[in-house]
Amino acid sequence: MTRTLTTAATVSYLCNAAFGAAVAAGAIDNRRLRWVHHALYVVTSSLTTAALVASAAERRPAGLALLPVTVPLAALPYAGGRIRRHASVAGSAAPAYAIALVLAWRNR
């Protein structure tokens, strides 16, 4: 279950980051679609929490790698809409997601 949830959380994070980057680049006008970015944030946070719980229950190391993600996820709602600050906070989670994904798929 850890592998599936960690993969799903990482994919959700990447989708949200791609959507945010497209909005920042002007490729997507999100004035009427702002809820999409917020919904992806909620899905990402929920899947990350589920992956943390599953990895703790299964005693898998991927959960330890995901722990640092909780800080930027908790800080994002307070980071404001300024692109640089928001992107910096959100982007700081990327290495932890990558490491967790590798650990989830490497260790059975």
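As a reminder, the structure under discussion sits directly above these lines.
These lines cover the structure that appears in this document, whether it is placed above or below. Keep in mind the model is a prediction, meaning the values are calculated, not measured.

As a further point, take the side chain of Thr44. By the element assignment, Thr44 lies in helix α2 (residues 34-58). Residues in contact with Thr44, not counting those within four places in the same chain, are Ala9, Ser12, Tyr13, Asn16, Leu73 and Tyr97.

The next thing to look at is the nonpolar core. Side chains of a nonpolar character, in soluble globular proteins, are inclined to be buried together. Membership of the largest hydrophobic core comes to 20 residues, with the highest contact counts inside it found for Leu66, Val69, Leu73, Ala93 and Tyr97. Secondary structure elements with two or more residues in this core: α1 (2-25), α2, α3 (62-66) and α6 (94-106). In terms of residue count, α6 provides more of this core than any other element does, five residues in total. Not counting chain neighbours up to four residues away, the residues in contact with Tyr97 comprise Ala9, Thr10, Tyr13, Thr44, Thr48, Leu66, Val69 and Leu73.

This paragraph deals with the packing of aromatic side chains. Summed over all chains, the structure comprises one aromatic pair. Considering the side-chain rings of Tyr13 and Tyr97, the 4.6 Å spacing of their centres and the 25 degrees angle between planes classify their relative orientation as stacked. On the criterion of sequence distance, the pair formed by Tyr13 in helix α1 and Tyr97 in helix α6 is long-range, its members being 84 residues apart. You'll find Tyr13 and Tyr97 in the same group, each marked buried. Across the ring face of Trp105, the terminal group of Arg3 is positioned such that the distance to the ring centre comes to 4.4 Å.

Right, let's get into the pattern of salt bridges. Scanning the model with the defined rule gives two salt bridges in all. In this structure, Asp29 and Arg31 form a salt bridge, with 2.7 Å as the shortest nitrogen-oxygen distance. Looking at Arg31, the relative accessible area reads 65%, which means it is exposed. With a closest N to O distance of 3.8 Å, Glu58 and Arg60 form a salt bridge. We classify Arg60 as buried; its relative accessible area is 14%.

What counts, and at which threshold
Residues numbered from 1 in each chain as written. Predicted model: local features only at pLDDT ≥ 70, side-chain atom pairs only at ≥ 80, totals over all residues. Heavy atoms only, no water. Helix = DSSP H or I, 4+ residues; strand = E, 2+ residues; numbered from the N terminus. Contact = heavy atoms within 4.5 Å. Core = buried A, V, L, I, M, F, W, Y, C linked by side-chain atoms within 4.5 Å. Buried < 20%, exposed > 50% of the residue type's maximum accessible area, 1.4 Å probe, protein only. Phe/Tyr/Trp six-rings, centres within 6.5 Å; stacked < 30°, edge-to-face > 60°. Lys NZ or Arg CZ within 6 Å of the ring centre and 35° of its normal. Salt bridge = Lys/Arg side-chain N within 4 Å of Asp/Glu carboxyl O.

On their own, these measurements won't tell you what the molecule is for.
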